[in-house]
Every structure is written in structure tokens, then in C-alpha cells.
Amino acid sequence: MYETWKCVLGKLPEAVYRVLGIERAVTQELLASGKLKAAPTPDPRLGDFGVALQPVLKGINYAKWSIVGADLARELYALTHDECWVEKVDFVNGYLNIAINYNQILKSISEEFLSGRVFKELRSIGGGEKAIVEHTSANPVHPLHVGSGRNSVIGDTFARLLEKLGFNVETRFYVNDIGRQVATLIYGVRIVESSGVEKPRDLKIDHWYGVIYALTNIIIEQGKLREAINGKIRDFIERASEICDVCSSRGSELTRETCLEICEVSWKRNYKVELLKYAGRIYKLLKSTVKPGENPAIENLTRILKELRDLLREYRSFTRAGWKLALYYPEVYSALKSSIKSYREAEEEITRLMLGAEREEPGTLQLFSKTVNEVLNGFRETLNKLGVYFNGFDYESSPEVLKTAHQVVDDLLRGGYARIIEGGAVEVNLDELAERYDYIKRLFHPDRAGRFVIRRSDGTTLYVTRDIAYSIYKFKVLGASRVYNVIAIEQTREQKQLKAVLYLLGYRREAENLDHFAYEMVHLKGLRMSGRRGLYYTIDEMLVDAELSILKKLIEKEEKRELRDLLEIAEKLAVANTRAILVSVDPGKVLVFDPGKISEVEYGVMIQYAFVRAQGVVRNLWGLEFLDSREEVVGKTIEYTRGFEGVDFTSEEKKLVDDILKYPLVLKTAYIEKSPSKILEYALNLAIDFNKFYEKYPVISEKNENARKARVLITVLTLLILSELIDILGFPKLRRM
RNA sequence: GGGCCCGUAGCCUAGCCAGGAGAGGGCGCCGGCCUCCGGAGCCGGAGAUCCCGGGUUCAAAUCCCGGCGGGCCCGCCA
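Residues numbered from 1 in each chain as written. Chains lettered and ligands numbered in written order. Predicted model: local features only at pLDDT ≥ 70, side-chain atom pairs only at ≥ 80, totals over all residues. Heavy atoms only, no water.

### Let's talk about the packing of helix α7 (residues 146-164) against helix α26 (residues 651-672)
No. 1: The contact between α7 and α26 brings their axes to 10 Å, and the two run at 125 degrees. With respect to α26, the axis of α7 lies oblique. The two elements α7 and α26 meet at a crossing, and its hand is left-handed. Contacts between α7 and α26 involve F158, L161 and L162 from the first element and L667, A670 and Y671 from the second.
No. 2: Class assignment for the residues of the contact of α7 with α26 results in 6 nonpolar, no polar and no charged. (Axes fitted to C-alpha atoms, helices over the stretch in contact; angles between N-to-C directions. Helix = DSSP H or I, 4+ residues; strand = E, 2+ residues; numbered from the N terminus. Parallel < 35°, antiparallel > 145°, perpendicular 65-115°, else oblique. Left-handed = near helix turned anticlockwise from the far one by under 90°. Contact = heavy atoms within 4.5 Å. Nonpolar A, V, L, I, M, F, W, Y, C, P; charged D, E, K, R; others polar.)

Structure representation (C-alpha cells):
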């Protein structure tokens, strides 16, 4: 198609010159700059594609357009009829509309696809280059939820796409196993285990640990918040007393009512419950009566009240989450509650665990790796169901990462890129370095580059530092020439810091080839997710929900099939649907998802259905199973490319041919724009267009031989492409459904 | 306070970077279609101030400026 477009556009300058006398170079310039271009027509009756000619006709009296246009159409037709397979050129109010011979097009693309040339050309893009895709890398402290699931599916789909494009792809999972979060989990697990509370037998280990982690975290946070709230209340009373004094000496611009409220509070300073009741009311009163900048003392009070309100709100949210978990897991809750005497004690213990791990104490490290690996096994189980596999897991605690991290700090200090700041921590000041290195300036532009610490005053490294080390590892040890980090968008800054440091350390090529594949959050309707509070919709739940909704539909159809078969179909379709939902929205946009409506989003099912139907045609025509004998199907189809002519293509058929033509372009675009959602969208459109075609026209039973040949070709090409797309999307393949 | 991203029918989404004809799809809703390669489908219908206001242009959902609304980032956290 694009070939014919190019062909026609190539002749346009000549036609314009012959009719209007405008120099060929002028039209060529318009084409080159994109002012003139071909685009599909809005209605197939107008033709197959059109060119908006207004830029050329601009100088001509509008009354003459139709005459000039007709001449142009005639001239262009004469020039392109033979060479570009053009059948008709029309001029309609400023547009040149062109109809082309689909017989020729179908013949030529069939040969391209059936000979495998299309796929081969696509593979030449990567040409065996080694690309690493790091994805998922979820903290091993709770089960994978929809957010991590989006990461997995985007990463896995992109990796599969890269493979189709001929890259030598390796997928890696980076295990954050020495952070505070893991230490918190281990701290909680030790308490729960020593209290003799056991995991319910049917609960996955990652879900169990998720509960323990959340409750531990909640109890600690509650302790912290209680202390902060008490402090705020003290501040509040102090300020209130001050203001009350001003009020009673009549030196205040506050209303009488507000003054009285404030005084009441300061007199009742010992009745805490009463105070909290007033806090909100006074805050509202102050906000409505005080103008900014008038009275610093009162503004201070307003600020304190606002902070108090926020703290209370947060406390409440933790408490609610705690209640919910305690309801289902009362033994866990009481074990933790009774053992965690104070949050300070708990935090000290957690810090000790962290330090022990970073100092590579054998006992601590063993404990860490045991716990983390248990959770990772849970992850693997979930991911395998989804069809997501990794070539390897890399541990943050590994000597390769930790040693290199310290090396990175030393190198930066030696190179003068980092310095020791007050207190002894090591900092990189990118603001200064951005002045010297344009690369860094551009990286952060138009924002300030900022500064960041890479080694704490106690000598331990930070997450970024270890991430820098890991990046070096990916390039130097794993031998990547290109790295994609599928990481949430909120880490954009950290990823830029990472690139900046790589650049400073002389890894310039590596910095250029390190790509932050950013994706936005998943927003659940009616639930705010928070791993720290144990609030999440897990992938395991999502898969079950999807499977149940599909099974329900299957059973409703009252098919006389074995339950075992139904279950298998439901399971496969559930995976397809789940993956489809998670990849359906462009990574750069927030994915809004309502778990209650999971049965309504059926992108995966629609694609599978078209795939199954196309297989049915091949089965009935030749008695062949496409999934077992692809080569044979292709071989038989090649015979159909010979000798069909004079077929009038219907608009449904033309649409499918157009779709088929787009395949290579879609893959390239999805790759360049890092947008796996485009693959899904394309597959969906192909499936919809195929369903329409299939429903409307007979394939095997078509009487006209040429038309039958054309339809078989279209069907097999669709089948081939759907098969490739399903590979990329990572759906399990079905024969029937 | 500074920086980035997003705003398209009841809901979700494409188109925006490279401006062109009636803003494509899907879900949901209403009405039809199973003697016909498997109806998880097809056909038809209703439903949109393309967030608002300016500007550039023959032409703006698209580009520019200014608002409004939502998200994210600016830690000796990970």
C-alpha cells in the first residue's frame, strides 16, 4: 500500500507541472516537508486514499478548482495507471482521490508474507544485537498486584516484540533484597513464627508474607504517628494559649466566635479527646476568617492544625487497614501487637538487620535470602501462569552489585565528581556538573539536575548507587549492548541520575543505550492501593476473577463438553484477557481499572476468537491444523497466489488487506515508540475486521474461483499475522473455543 | 515553590509528535439476525461543547499562549 502511495506521490509533481505549470521542485518540496501527503479516505466510496491538494491550489481562484482538479486527475491517472496499479483518480473539493487495483496488491503482499520475506526483514532490525529487558522487579514483601502486573506484562510483551525484531533478548528480574522493606518483613516473620502462628495451608506464601509485612508496617507506623500527633497537640495548645491571650486583650482581628473556641481549647488543655473535636472546627473557622500574611501567629496555628488533620487522617487510614487485616488474621495481629513494644525498638531491630545484610553477615544474609526466595517462588508461580518467564534473577545483595557500588563511589570521588559533605556522606552535585557537561544538562532539561547522596555517613550505599552498579553489571558482565528498564514513571528522576553517573564514569555509550521504559500507575476504581497497608488487588485474584467470569459464560452456552475442556479454555482465555487489559493502555497513561467489570473487557477473547475461526477455515479446506502444520498451510496457500484477476474487492476485504499491509509498520512503531499497546490495538482491529469479513462472505463455499482464491489468501494471511501477534502478546494459543 | 505527564459520549480508548474530508474502536444501552466455513459473532440505532478561553492557518482534537481539573517527581527511602 505504502509502495503504491509512494508511487503515486512520485508522479504528482509532473502532473501538477503539466496542468498548472508549477515547477516540479515546488511540489517536491511540499511533499518532502509533509505539507502534501497521502491519507486514507474517510469513505471507501471516495476511493482508497487521497491527497489534500489545497496547498497547491492555494493561489488559484476557488471557482476554477473543479476544472483544474479534473485536469489534474486525468493527468495523474495517465501517469500512474500502469505503473502504480491505479484504477481511478477523482477530484473532490480540493482532494485527489485514488482507487487502486487490489488484485495486484493482494498478490504482491501474499508473496511477501508467504515467502517469509516480511518476517525476515523485521528480524534484520535487531540483527542479533543483545538487548536486556529488566522488568517486574517488585519488592519481595507482598504478592504481585495489578501495578506490578502491568510492569510484567508490558516488559514481557516488549521483550517478545524485540525477539520478533531479531534482537537477542534477555529478561532479568532485579531482586531488591536488602532494603528496609525486606528487613521489616523479616522482622515481622520472626515474631510471627516464634509465636507459633502458622501459615494457613491453602494460602500462597507471598500472600501470607504480604499480610505479615503489612501488619508489621501498620503497627510501626501507628506508633510513629501517635508520637507525632501528640507532639502536634502540644504545639497546638501552646499556640492556642498565646492567641487566646491576644484575644482576651482585645488585640485580635479574629471574630469573637473564633476567639472563644480557641480559648475554650486552651483552657481544656488536659482533655485530649475534647481537643481533637475542636481542632477541625477551629481550622475551618481560621481558614475562612484569616487573610494570608496578616498575622503570623494565627497563620502558624492554621498550619499546625492542617498538619494535625493530615496526621490524623493518615493514622485513621492505617488503623482501618489494620482492622481489616486483623479481622482475617487475628493471631498474626495479636502476635505482632504484643511483641512490638515500641516502634523505636522495632526500627532499631530493622536497622540492625539491614546493616547486617549490607555487611554480609552470614546468618543475616541467609535469613534474608531464605525469606526473599520464598516470596520469589510465589511470584514465579503467578508469572508462569501469565506466561512470563525470566532468563535470570539478579540480587541486589550479590557481591557483584555491592562491591561495584562501593567502587562506583570511590571512582566518583577520585574523579572529582562527588564530594564528602557535612556529616560524612558522599554527594554528587549534578547542578554543578550540568554546567560542565551538556549531556547532563539536556538529560534533566528544563528541570534542575539537583544533587543526591550516593553513600550514607555510616558508609552504606543507597538504592541509586546499587542501581548504578547493577547497570554496569548488565552491560559489562551480561554483555548487553542495549538495556530497557521497565520501571514506574515515578522513578524517572532516579533513572536520570543513574544515566548521568554512568556518563561521568566514562560509560558514555552505555548511558546512551540505557532506556528507562516508564509506565504509569494502575488506578483501581474504589480502592487506593498501598502495599504498606496491605491494600492491593493481586494478579492471582485478577486471574481467578477473569477465569470465573469466562467459565460462567461458557457454562451458560450449555455446551456438551467435558468440564475439563471448559476449564482449560477458561484458563487460557483468562490469561489472554488479563494480559490484554494490562497492556491495553499506552504505558504513559494511567490505567484505570474496575475489578467489578472484569467480565466486560474482553480484548483477549476477541482476538482469540478470530484466530480460532481462521483456523477453522484452514481445517475445513485442507484438513490441516494450523498450529501443527504451519509450513504445509503456507505451502498450500502459495498456490492460490497464481492466477486470480478481475476480482472486485468488497470494502471489508479491502480493509483486511490494508490491515495486513500495516503489520511491519505496526511492529516498528510499537518498538520505536515503546508502545506495546499498539500491538494489542492492531490485533484487536484485525480480529474485528476479520470477524466482519468472515460473517459476510463465504470463503470455502464461494462459487467464483478467483474470489475464493482471494478470500483464502486473505484468511491465511490474517491467520499468520494473528499467530505472530498472539506470540508477541503472550497469549496461550487455542484451537477451538 | 520548581519540573514532567494526562484531560476525547455513561465508562474505557485511537488519532496529537510530522494540522486536512462526516473525530475511528470497544464496553454498556435499544432494535434486528442462527437450514448458511462454530452466534464469545454480525447488522442497525441512540449517545461527544474533542476541559475552557485566546492566537497562528485556506484548514486546529492536533501547533502556540493563558487558565481550570487530575496524576507523578523534587529524601543520608526503595
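### Observations concerning helix α22 (residues 539-556)
No. 1: A rise of 1.5 Å per residue sets the reference length of α22, with its 18 residues, at 26 Å; its end C-alpha atoms lie 26 Å apart and thus fit the reference within 8%.
No. 2: Buried within α22 are the following residues: I539, D540, M542, L543, A546, S549, I550, L551 and L554.
No. 3: Contacts from the buried residues of α22 go to α7, α9 (205-248), α15 (362-386), α23 (563-583), β14 (591-593) and α24 (603-622). (Expected span 1.5 Å × (residues − 1). Buried < 20%, exposed > 50% of the residue type's maximum accessible area, 1.4 Å probe, protein only.)

### Focus on the nonpolar core
No. 1: Within the largest apolar cluster, 209 residues are counted, with the highest numbers of intra-cluster contacts made by L106, I607 and Y663.
No. 2: A total of 19 residues in this core trace back to one element, the largest contributor, which is α9.
No. 3: Each residue touching Y663, except ones within four places of it in the same chain, is listed here: F113, V118, F119, L122, Y682, I721, E724 and L725. (Core = buried A, V, L, I, M, F, W, Y, C linked by side-chain atoms within 4.5 Å.)

### Here we look at the pattern of salt bridges
No. 1: Considering all chains together, one arrives at 59 salt bridges under this definition.
No. 2: A salt bridge links R482 to E129; its shortest N-O distance comes to 3.3 Å. Of this pair, R482 sits in strand β11 (residues 482-488) while E129 sits in the loop between α6 (117-126) and β5 (130-134), and the two are 353 residues apart along the sequence.
No. 3: Owing to a relative accessible area of 27%, E129 belongs among the partly exposed residues under this scheme.
No. 4: A salt bridge links E242 to R239; the nearest nitrogen and oxygen atoms lie 3.6 Å apart. Here E242 pairs with R239, and both are found in helix α9, just 3 residues apart, close to one helical turn.
No. 5: Given the relative accessible area of 41%, E242 is considered partly exposed. (Salt bridge = Lys/Arg side-chain N within 4 Å of Asp/Glu carboxyl O.)

### Topic: the side chain of N485
No. 1: Within the fold, N485 resides in strand β11.
No. 2: Residue classification places N485 among the buried residues on the basis of a relative accessible area of 0%.
No. 3: Among the polar contacts listed, one links the side chain of N485 to the side chain of K474, at a separation of 2.7 Å.
No. 4: Every residue in contact with N485, bar those within four places of it in the chain, is listed here: E134, K474, Q495, L498, L514, D515, H516 and F517. (Polar contact = N/O pair within 3.5 Å; in protein donor to acceptor, adjacent residues only side chain to side chain.)

### Concerning the environment of L106
No. 1: One can find L106 in helix α5 (residues 102-114).
No. 2: Given the relative accessible area of 0%, L106 is considered buried.
No. 3: With 130 residues separating them in the primary sequence, L106 and F236 have C-alpha atoms 79 Å apart.

### Focus: the confidence of the model for chain A
Detailed reading of the predicted coordinates is not advisable wherever pLDDT falls low.
No. 1: Counting all residues, the mean pLDDT for chain A is 90, and 98% of those residues have values of 70 or more.
No. 2: For this predicted complex, the interface confidence score (ipTM) comes to 0.95, while the overall pTM stands at 0.93. (pLDDT = per-residue confidence, 0-100.)

### A look at the sheet that holds strand β7 (residues 392-395)
No. 1: Spatial strand order, β7-β6-β5-β11-β12: 5 strands in an open sheet with parallel pairing. Every interior strand has two partners, whereas the edge strands, β7 and β12 (514-519), have only one. For this sheet the average axis-to-axis angle between neighbouring strands, irrespective of direction, equals 25 degrees.
No. 2: Both β5 and strand β6 (residues 168-175) contribute to a ladder of 5 bridges, which runs parallel. (Pairing = 2+ DSSP bridges.)

### Let's talk about the packing of aromatic side chains
No. 1: Under the criterion given, the structure shown has 26 aromatic pairs.
No. 2: Measuring from ring centre to ring centre gives 6.2 Å for Y470 and Y473, while their planes differ by 25 degrees; the resulting arrangement is stacked. Of this pair, Y470 and Y473 are both found in helix α19 (residues 463-476), 3 residues apart, which corresponds to roughly one turn of the helix. For the pair shown, Y470 and Y473 are each scored as buried.
No. 3: Taken together, the ring pairs connect F113, F119, Y663 and Y682 into an aromatic cluster.
No. 4: Lying over the aromatic face of Y503, R508 brings its terminal NZ or CZ to 4.1 Å of the ring centre.
No. 5: Positioned above the aromatic ring of F318, the side-chain terminus of R533 is 4.1 Å from the ring centre. (Phe/Tyr/Trp six-rings, centres within 6.5 Å; stacked < 30°, edge-to-face > 60°. Lys NZ or Arg CZ within 6 Å of the ring centre and 35° of its normal.)

### A look at the environment of L114
No. 1: For L114, the location among the structural elements is in helix α5.
No. 2: Distance from L114 to L720, taken between C-alpha atoms, is 8.9 Å for residues 606 residues apart in sequence.
No. 3: L114 has contacts with V634, T637, I638, T641, L713, L717 and L720, leaving out every residue within four places of it along the chain.

### Brief notes about the protein's contact with RNA strand B
No. 1: In the vicinity of RNA strand B lie 65 residues, with Y95, R456, R613, N620 and Y694 positioned nearest.
No. 2: One of the side-chain nitrogen or oxygen atoms of N139 is found 3.3 Å away from a sugar or linking oxygen of RNA strand B.
No. 3: A distance of 3.0 Å is found between a sugar or linking oxygen of RNA strand B and a side-chain nitrogen or oxygen belonging to E600.
No. 4: A per-element tally of the surface near RNA strand B places helix α27 (residues 677-696) first, with 8 residues.
No. 5: Considering only residue class, the surface near RNA strand B consists of 26 nonpolar, 14 polar and 25 charged. (Near = heavy atom within 4 Å.)

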